[in-house]
Amino acid sequence: MSVTGKIAIVTGAAHGLGKAFCDILLKNGAKVGLIDLNIDQGQKALSKLEEKYGKNKAMFVKCDVSNIKAMPESFQAIQKNFGGLDIVINNAGVGLEKRDDWEKTVDVNVKGTIKGTILGMEMMRKDKGGKGGVIVNISSMAGLNPTPSGPVYAATKSAIIMYSRSWVHNPELAPNGIRINILAPAFVDTPLFKMLENKENIHAPAIATLVQKKVGVLKPEVVAEALLELLADETKTGAILKIAETTGKEYLTL
């Protein structure tokens, strides 16, 4: 599927991977709705994208995806503004592990992704007036391997994989034109990665350092190219594409 002329929603879009995803979508001719909790960063990201690609091709909507009751209004605002919806990228994520902060990680990473997937399916499926479309849920290689430095984060990213693949096996999806894929990057140079530098945020920091040396650190733009591949290849549904700086891209079979 060419993304040219398509309408996309990206959550966690104000910086890091989300911003890179918006950039590559706009570069390839899509229109994009940016969703993020941070108004200041969201508006700055929108301004930079408009400078680069022109006005009326992107919009920003403030929303905390951990508040699943607020998400429908955000999705509907973007759908109404651009006249449809073809692509949903559930990217918003955090990596809080300690004290009671871990609950926020579950709320954002799991609940936010589940609600974003449900909304995307409801808006895009053909039997409900949509034209079909594709959802890419952002997991992590931490969701594929034991992760002592971030057990809660790993659990949430593993949940995203099983949730996505379970929907793919639902017989209603294919006839309604819905594809769901999973992108699982290793370390990426984003604000989330920089949180690892604060050893108070994670467990077993020495192990995190060893893993980082083994797999390297990706640039967001490289991960965005992998996203585009999952969108464009119409044979891909239920695909898990993992990517690391040292090993490159690899499709995983479960």
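Values in this document were obtained by computation on a predicted structure and should not be read as measured data.

Oppositely charged side chains are able to pair whenever their charged atoms sit close together. A complete count under the given rule lists 10 salt bridges for this structure. Salt-bridge contacts for Asp23 lead to Lys52; the nearest nitrogen and oxygen are separated by 3.0 Å. Here the residue Asp23 occupies a position in helix α1 (residues 16–27), and Lys52 occupies one in helix α2 (residues 39–53), the gap between them amounting to 29 residues. With relative accessibility at 54%, the residue Lys52 sits in the exposed group. The salt bridge partner of Glu250 is Lys242, with a shortest N-O separation of 3.7 Å. Taken together, the salt bridges that share partners define one network made up of Arg125, Asp127 and Glu172.

Quick look at the layout of surface pockets now. The volume enclosed by the second largest pocket comes to roughly 240 Å³. The wall of the second largest pocket is formed by 13 residues, among which Ala20, Asp23, Ile24, Lys52 and Glu221 lie closest to the centre. Among the elements of the structure, α1, α2 and α8 (220–232) are those that each provide at least two residues to the lining of the second largest pocket. The greatest single-element share of the lining of the second largest pocket, amounting to six residues, is contributed by α1.

Here the focus is the pairing of strand β8 (residues 248–252). The pairing of strand β7 (residues 240–244) with β8 spans five bridges and is classified as antiparallel. Bridging from a neighbouring strand, Ile240 pairs with Leu252 of β8. Counting the residues in the hairpin turn of β7 and β8 gives three residues.

The backbone of Asn56 sits at a positive phi, close to 65 degrees, despite the residue not being glycine. The topology assignment puts Asn56 in the loop between α2 and β3 (58–62). Relative accessible area serves as the criterion here: at 64%, Asn56 is assigned to the exposed category.

Moving on, we come to the sheet that holds strand β4 (residues 87–90). Pairing between the strands of a sheet is mediated by backbone hydrogen bonds and can be parallel or antiparallel. Spatial strand order, β3-β2-β1-β4-β5-β6-β7-β8: eight strands in an open sheet with mixed pairing. Both edges of this open sheet fall to β3 and β8, since each of them pairs with a single strand only. The mean angle between the axes of side-by-side strands here comes to 20 degrees, regardless of whether they run parallel or antiparallel. For strand β1 (residues 7–11) and β4, the ladder comprises three bridges, and the chain directions are parallel. Counted as the bridge partner of Ile9 is Val88 from β4. Contacts from helix α3 (residues 71–82) reach β1, β2 (31–36), β3 and β4, with the element oriented near 160 degrees to β3.

Membership of the largest hydrophobic core comes to 39 residues, with the highest contact counts inside it found for Phe21 and Leu183. Beyond its immediate sequence surroundings of up to four residues, Leu183 is in contact with Phe21, Val136, Asn137, Ile138, Ser139, Ser140, Val223, Ala226, Leu227, Leu230, Leu241 and Ile243. The next biggest cluster of nonpolar side chains, apart from the first, holds 23 residues, and it includes Cys63, Val65, Ala92 and Ile178.

About the cut-offs
- Every chain begins its residue count from 1, and numbering advances along the sequence as written.
- This being a predicted model, a pLDDT of at least 70 is required before a residue's local features are given, and a value of 80 or more before pairs of side-chain atoms are given or counted; all residues contribute to the totals for chains, interfaces and linings.
- Think of the side-chain values as coming from all heavy atoms in the structure, minus any hydrogens and water.
- Each salt bridge in this description consists of a side-chain nitrogen of Lys or Arg and a carboxyl oxygen of Asp or Glu lying within 4 Å of one another.
- In DSSP terms, a helix is any run of H or I states spanning at least four residues, a strand is any run of E spanning at least two, and both are numbered starting from the N terminus.
- For every residue, the accessible area obtained with a 1.4 Å probe (protein chains only) is divided by the maximum for its type, and the residue is called buried under 20%, exposed over 50%, and partly exposed between those limits.
- The rule is simple: put a 1 Å grid over the protein atoms alone, call a set of points where a 1.4 Å probe fits but cannot get out a cavity, call an open set with protein on both sides within 12 Å along at least five of seven lines a pocket, and count a residue as lining if it has an atom within 4 Å of a point.
- Grid points are joined across faces, edges and corners, and a volume is the space filled by probe spheres set on the points.
- Here, any two strands with at least 2 DSSP bridges between them count as paired.
- Lines fitted to C-alpha atoms define the axes, with helix axes restricted to the stretch in contact, and inter-axis angles between N-to-C directions lie between 0 and 180 degrees.
- Residue contacts are defined here by distance: any two heavy atoms, one from each residue, within 4.5 Å place the two residues in contact.
- Side-chain atoms within 4.5 Å link the members of a nonpolar core, which is a set of buried Ala, Val, Leu, Ile, Met, Phe, Trp, Tyr and Cys residues.

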